[in-house]
Amino acid sequence: MADEAGFPGAGEGNGGNGSGPGETGEAEEAIAQLFDDYLAGFNDYDVDRISDCFALPAIIWQFEKGHVFNDEEELVENIEALLKALEKEKVTQSDFHVVSSHVSGAAALVTLDWVQETADGEAVFEFTCHYQLVQNGTDWVIAGIVND
């Protein structure tokens, strides 16, 4: 993960949501691990690792259109198409920087700035994604994404 400092701002201003400092710290660690796994999935072109990061149904907004993925088959099909597009552009490395995050109970909002590069370090894609996360047991998963 690009931002070794973790998720700055997570848990700030969470008011009376009932989560204590220890719970917020645990959430931050679990969310950091989620995005480490998500990033590794992209860098390894591992469809299963990426799809494991999602709750279902999941909503992804990209190119001013919302898409609802109701089951794993639909989600995997979308991820495969995305990875093919990255491969076509010769993307070999993805990385991100945490812009902001906020944890409140069993929900979190995280914004990441992404860069995807070729083997020689040339940036092919640079974009921002806003993630809505939900806690599923002890795990955090992506419920929605809005791509800028």
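Please read these numbers as outputs of a predicted model, since none were measured by experiment.

1. Quick notes on the nonpolar core
A general feature of soluble globular proteins is that nonpolar side chains tend to end up buried together. With 33 residues, the main nonpolar core has F35, Y38, F54, Y131, L133 and I142 as its most contacted residues. Within the residue set of this core, elements represented by two or more residues are α1 (21–43), α2 (47–51), β1 (54–62), α3 (72–88), β3 (93–104), β4 (107–117), β5 (123–136) and β6 (139–147). At seven residues, α1 tops the list of elements feeding residues into this core.

2. As for the packing of aromatic side chains
Taken as a whole and assessed by the stated rule, the structure comprises ten aromatic pairs. Taking 6.0 Å as the distance between ring centres and 85° as the angle between the ring planes, the aromatic pair formed by Y38 and Y131 counts as edge-to-face. Taken together, the positions of Y38 in helix α1 and Y131 in strand β5 put the pair 93 residues apart, joining distant regions of the chain. Judged by relative accessible area, which is 5%, Y38 ranks as buried. Y131 gets classed as buried once you look at its relative accessible area, which sits at 3%. Feature note: the residues F35, Y38, F42, F54, F96, W114, F127 and Y131 constitute an aromatic cluster, connected by ring pairs.

3. Describing the side chain of T128
In this structure, T128 sits in strand β5. Among the polar contacts listed, one links the side chain of T128 to the side chain of D113, at a separation of 2.6 Å. Ignoring anything within four residues of it in the chain, the contact list for T128 reads T111, L112, D113, V146, N147 and D148.

Basis of the calculations
In every chain, residue numbers begin from 1 and rise along the written sequence. Local features are withheld for residues below a pLDDT of 70 in this predicted model, meaning they are given only at 70 or higher, and side-chain atom pairs are given and counted only at 80 or more; totals for whole chains, interfaces and linings count all residues. As a convention, hydrogens and water are excluded, and side-chain values are obtained from all of the structure's heavy atoms. Take the buried residues of types Ala, Val, Leu, Ile, Met, Phe, Trp, Tyr and Cys, join any two whose side-chain atoms come within 4.5 Å, and each joined set is a nonpolar core. Three exposure classes are used, based on accessible area relative to the maximum for each residue type with a 1.4 Å probe and protein chains only: buried under 20%, partly exposed in between, and exposed over 50%. The secondary structure listing takes helices from DSSP runs of H or I that are at least 4 residues long and strands from runs of E that are at least 2 residues long, numbered from the N terminus. Each aromatic pair joins two rings of Phe, Tyr and Trp (for Trp, the six-membered one) with centres within 6.5 Å, and gets the label stacked for planes under 30 degrees apart, edge-to-face for over 60, and tilted for any other angle. Pairs of N or O atoms within 3.5 Å make up the polar contacts considered here, provided that, within protein, one atom can donate a hydrogen while the other can accept it, and that residues adjacent in sequence are counted only when both atoms are side-chain atoms. Whether two residues touch is decided by their heavy atoms; if any such pair falls within 4.5 Å, the residues are in contact.

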